[in-house]
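Architecture and fold: a report
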Amino acid sequence: MHSIPHERARRWTAALAVGLAAMAACGGAIAADFPAKPITVVVPYPPGGTPDILARVLGETLSKTLGQPLIVENRVGASGNIGGQAVARAEPNGYTLLMCAFGCAVAPSLYKPAPYDVVKDFAPVAMIGTVPSVLVVNPGVPAKSVAELIAYAKANPGKLNSASSGIGTSAHLATELLNTKAGIQLTHIPYKGAGQVAADLLGGQVDMYFDNLPASLPSIRSGKLRALAVASQKRSPSIPDVPTFAEAGVPDFLIIPWFGIMAPARTPEAVLERLNQAFVAALKAPEVQTRMQQLGVDVAPGSRQALARFIAGENEKWKAIIQANKIRVE
């Protein structure tokens, strides 16, 4: 093997140093200039659901922080996969983001082939927060507690139905988990969006739904829906009289709908850090904190690395449940 002449090696090393310095300067320039135009947050679910509500709550404050409008775009279909795929394929420049939710972590286990790889195709930006999952029933259902619901379901196998906004959503997996833990047969009815579920639940076409608390809270407070239990470790301050599933006699029943912002993979680090700082600052703003509290959202601002670890943990947890229940997209 021939050695590189000393002068050539010196020139190559110098050129590499210049190149690295230029890249670093470019990253700094990108961070300084970003954003130079409006940013689009793709919500892969219909308007009116929790991801849509949260994106719009953050929009005004973020627009002030970043100095550019934040546009919320609903790109629905395939249980969130259409919007997710669109962002995964978008130009990695920070101007197209995804409001990622529970479905992001379970998609690889539900779909063969998977619509995307949540680890390889996306770069974490910021965690938004988590919300309690609440079991709500139409007032026409003859059950005022989880125990009464289970007793009725056992006496009437297959009669009660439980809606979801799609295969593999938190509501669907919660239904399967309750079937397993309580030894009952709830009939799962998948819809194409949370808005359709809400309309039919209020109308009595479906019996029950594991909803994200912010979306169902107005109907619970008005008495249009009956809340039986929250699938969290502690009661929600928004509905303090509603017990947890553990308190209601079903231990280890935890469903934690979560929401975070993702960017396409290969988005420059400087841009990701700028976005993270902006989202964290917005989440800490008093007006946003107040609104989130009203919605029953547990705000969880943090680092990009923390969001990556959280998603990896959720992926493994639900993979086991999906495989055990042989859940597949129809």
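Below is a summary of the structure that appears in this document. (Residues numbered from 1 in each chain as written. Predicted model: local features only at pLDDT ≥ 70, side-chain atom pairs only at ≥ 80, totals over all residues. Heavy atoms only, no water.)

**Considering the sheet that holds strand β4 (residues 122-130)**
Read across the open sheet, the six strands follow the order β2-β1-β3-β10-β4-β11; overall the sheet is mixed. The sheet is open, and its two borders are formed by β2 (70-74) and β11 (298-299), each paired with just one other strand. Across two bridges, the pairing between β4 and β11 is antiparallel. Bridging across to β11, Gly129 finds its partner in Val299. Its contacts with the sheet place helix α4 (residues 102-110) against β3 (96-101) and β10 (258-264), and it is angled at close to 80° to β3. (Pairing = 2+ DSSP bridges. Helix = DSSP H or I, 4+ residues; strand = E, 2+ residues; numbered from the N terminus. Contact = heavy atoms within 4.5 Å. Axes fitted to C-alpha atoms, helices over the stretch in contact; angles between N-to-C directions.)

**Quick look at the environment of Gly94**
By the element assignment, Gly94 lies in the loop between α3 (81-88) and β3. Classification of Gly94 by relative accessible area gives buried; the value is 0%. (Buried < 20%, exposed > 50% of the residue type's maximum accessible area, 1.4 Å probe, protein only.)

**Side note on the sheet that holds strand β5 (residues 133-137)**
Across the sheet, which stays open at both edges, the five strands sit in the order β7-β6-β8-β5-β9 with mixed pairing between neighbours. Where the open sheet ends on each side, the last strands, each with one partner, are β7 (187-190) and β9 (226-230). Averaged over all pairs of adjacent strands, the angle between strand axes in this sheet comes to 30°, irrespective of strand direction. Summarising the sheet, β5 and strand β8 (residues 208-212) pair through five bridges and their orientation is antiparallel. The partner of Val134 across the bridge, within β8, is Asp211. Packed on one face of the sheet, helix α7 (residues 194-203) meets β5, β6 (161-164) and β8 and runs near 135° to β8.

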